Amino acid sequence: MNPSPKKVAIVGGGISGLATAYALTKKMPDVELTLVEASNRMGGVLLTEKIGDYLIEHCADNFITNTPWAIDLCKDLQFEDELLMSNPEHRRAFVIANGRLEPIPKGFMVMAPTQISSLLTTRILSWPGKLRLLGEYFVKAKKEVTDESLQSFATRRFGKETYEKLIQPLVGGIYTADPTRLSIHATMPRFPKMEKESGSLVRATLKSRKQYQNEAGVRYSMFVAPRNGMSSLIQKLDEAMPTLKRQTDTAATSATFLEDCKKWALTYRHKGQEKEECYDGLVVATPSYHAAQILAPTSPSLCEKLAKIEYASCAVAVLVYKKTQIEHPLDGFGFVAPLCENREILSGSFASVKFSGRAPDDEVIIRCFIGGACQAELLERTDDQLFEIAQRELTDLLKISGSPRLQKMVRWHKKMPQYHLGHEKLVAKIEQEVSQKPGLELAGNAYYGVGIPNCIDSGQRAAEKMAAYLGGSHLEPVG
């Protein structure tokens, strides 16, 4: 008799959980997969809404292609032709400096300055600040390789002014985080590596000038977006798994490992009723604090560690204007706001400038990000109060007249994990404990990266380990 097919449950229907399911389906076609999702749809924070002529993203509106995982998945799904490159016109961004939008110096890659001339001519930094930045070449490398906050690393290498006016807002735009607590090794390991190998980040870029100049020239062209929005990628991925059992509106509440039969008993609640099912393997692809709640009956020690990963929240105020209402030429993709400018927004994205087909040609969609780890108190305000903040800030920066034609508020509560000091060691301890639980894997943005490609990689690695555990490691890899 043929043995019964292996049964695996995946908790969480975001991009990480879907990537896990897809990879595991390809590695073990006979596996019986069940995906448990608490909401009424797949995709997690990735959601596209069509309102009239406007295509509005609720969260991420693009992903980067300098890591392979997202673009390779699109190729495997035969979805590559649906990807748009960012518009070649106006491939740059701004930073608020002295109350006005100034272009970020060409080739300034967060902490890798590649074009000295643009740094010398920028109006963002004073001459003492510019000289201190260039003096990074002579700053001795840190001898002890210990975890360090991003703020400490950036200030030590480039000085306080460059950190406050350039590096902090760029990092804030990526992580919505407090750089004084953020681990440089967990978030941007490339830069400590450059310091260790070359003694200086400026020296490292000069050594590989051609490489970094090429990177600087194509930086904004590295970003792509699905023609019909992020939800179209989620739909394509979901449709590629016809045998996947989907249980939406189903909240997983607890998971217990049954030693006698080596199975996972997953308890979930659906329409007010609680049920329990047994599985050979379990992948938890939720925020780490949800994973901690689910796995509480199995390992209090693991749950304690999972709960230590903190999260930030933010709101996205989406505003649509006629271009004739705006004096600024909108000749860039958006802007970031340094904390030292005392603004009440983190950043602004000119969404329909970055990618075509998002709005009529004579209109623009602007997304304002509010809150984050450093301004969490703003999220206590009402939607109307947040709209007022966004309109006031944009009117001042872009010289806007009149009211927006459309506005929409999106709130994300505790969705951005914070890779604080000690994050790498904490994740290593979490992995060690997970490895002692047969048939258990974790996936998601809480561990090794917050971007869409990192989430996909996380899911694929979870599937790889699960296939090895279930005896499917001899099969062909994904892609």
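Nothing here was measured: the structure is a model prediction, and the numbers come from that model. (Residues numbered from 1 in each chain as written. Predicted model: local features only at pLDDT ≥ 70, side-chain atom pairs only at ≥ 80, totals over all residues. Heavy atoms only, no water.)

Asker: Would you mind going over the side chain of Asp-238 with me for this structure?
Answerer: When you line up the elements, Asp-238 lands in helix H11 (residues 230–239). A polar atom in the side chain of Asp-238 sits 2.6 Å from the side chain of Arg-246. When neighbours within four sequence positions are excluded, Asp-238 is seen to be in contact with Leu-18, Met-42, Leu-244 and Arg-246. (Helix = DSSP H or I, 4+ residues; strand = E, 2+ residues; numbered from the N terminus. Polar contact = N/O pair within 3.5 Å; in protein donor to acceptor, adjacent residues only side chain to side chain. Contact = heavy atoms within 4.5 Å.)

Asker: Quick question: what am I supposed to make of the pattern of salt bridges here?
Answerer: Opposite charge on two side chains lets them pair, provided their charged atoms get close. Evaluation of the coordinates by the stated rule reveals 33 salt bridges. One salt bridge connects Asp-383 with Arg-411, and the closest N-O pair in it is separated by 2.8 Å. Linking Asp-383 in helix H15 (residues 383–398) with Arg-411 in strand S19 (residues 406–417), this pair joins segments that are 28 residues apart in sequence. Among the residues examined, Asp-383 registers a relative accessible area of 33% and is labelled partly exposed. Under the relative-accessibility criterion, Arg-411 is labelled partly exposed at 36%. Here the salt bridges share partners, and the residues they tie into one network are Glu-136, Lys-142, Glu-148, Arg-156, Arg-157 and Glu-195. (Salt bridge = Lys/Arg side-chain N within 4 Å of Asp/Glu carboxyl O. Buried < 20%, exposed > 50% of the residue type's maximum accessible area, 1.4 Å probe, protein only.)

Asker: Help me understand a nonpolar patch on the surface, please; the structure alone is not making it clear to me.
Answerer: Nonpolar side chains collect at one region of the surface, where Leu-120, Trp-127 and Leu-131 lie side by side and expose about 320 Å² of accessible area between them. Looking at where Trp-127 falls in the secondary structure, it is placed in helix H4 (residues 127–134). (Patch = residues over 30% accessible without salt bridge, like charges linked within 9 Å, V, L, I, M, F, W, Y side chains within 5 Å. Areas by Shrake-Rupley, 256 points an atom, 1.4 Å probe, with all protein chains shown as cover.)

Asker: Hey, could you run me through the environment of Asp-61 in this one?
Answerer: Note that Asp-61 resides in the loop between strand S4 (54–57) and strand S5 (63–64). Asp-61 sits in the buried class, given a relative accessible area of 7%. In terms of polar contacts, Asp-61 uses its side chain to reach the side chain of Asn-62, at 2.7 Å.

Asker: I keep staring at the packing of aromatic side chains and nothing clicks. Help me out?
Answerer: How two aromatic rings sit relative to each other is set out by the distance from centre to centre and by the angle between their planes. Going through the model one piece at a time under the given rule, you end up with four aromatic pairs. Here the aromatic rings of Tyr-137 and Phe-138 are separated by 5.1 Å at their centres, their planes lie at 65°, and the arrangement is edge-to-face. The exposed category is assigned to Phe-138, whose relative accessible area is 67%. With a centroid separation of 4.8 Å and an interplanar angle of 90°, the aromatic rings of Tyr-289 and Tyr-311 are classed as edge-to-face. Here Tyr-289 is found in helix H12 (residues 288–294), whereas its partner Tyr-311 is found in strand S15 (residues 311–322), with 22 residues between them in sequence. Positioned above the aromatic ring of Trp-127, the side-chain terminus of Lys-130 is 4.4 Å from the ring centre. Above the ring of Tyr-137, the side-chain terminus of Arg-203 is found at 4.4 Å from the ring centroid. (Phe/Tyr/Trp six-rings, centres within 6.5 Å; stacked < 30°, edge-to-face > 60°. Lys NZ or Arg CZ within 6 Å of the ring centre and 35° of its normal.)

Asker: Whenever I open this one, the sheet that holds strand S20 (residues 440–442) confuses me. Can you help?
Answerer: Each strand in a sheet pairs with another by means of backbone hydrogen bonds, the pair being arranged parallel or else antiparallel. Read across the open sheet, the five strands follow the order S10-S2-S1-S14-S20; overall the sheet is parallel. For this open sheet the edge positions go to strand S10 (245–247) and S20, each flanked by a neighbour on one side alone. Pairwise comparison of adjacent strand axes, ignoring direction, gives a mean angle of 15° for this sheet. Of the strand pairs in this sheet, strand S1 (residues 7–11) and strand S2 (residues 32–36) are connected by five bridges, and their pairing is parallel. Residue pairing in the sheet places Val-11 in a bridge with Val-36 of S2. (Pairing = 2+ DSSP bridges. Axes fitted to C-alpha atoms, helices over the stretch in contact; angles between N-to-C directions.)

Asker: Just to check I follow, could you spell out unusual backbone geometry for this structure?
Answerer: Of note in the backbone geometry, Gln-78 takes a positive phi value of approximately 55° without being a glycine. You can see Gln-78 is positioned in the loop between helix H2 (68–76) and strand S6 (83–85). By relative accessible area, which is 73% here, Gln-78 ends up exposed. Positive phi, close to 45°, is recorded for Thr-176, a residue that is not glycine. As for its position among the elements, Thr-176 is in the loop between helix H6 (160–175) and helix H7 (184–187).

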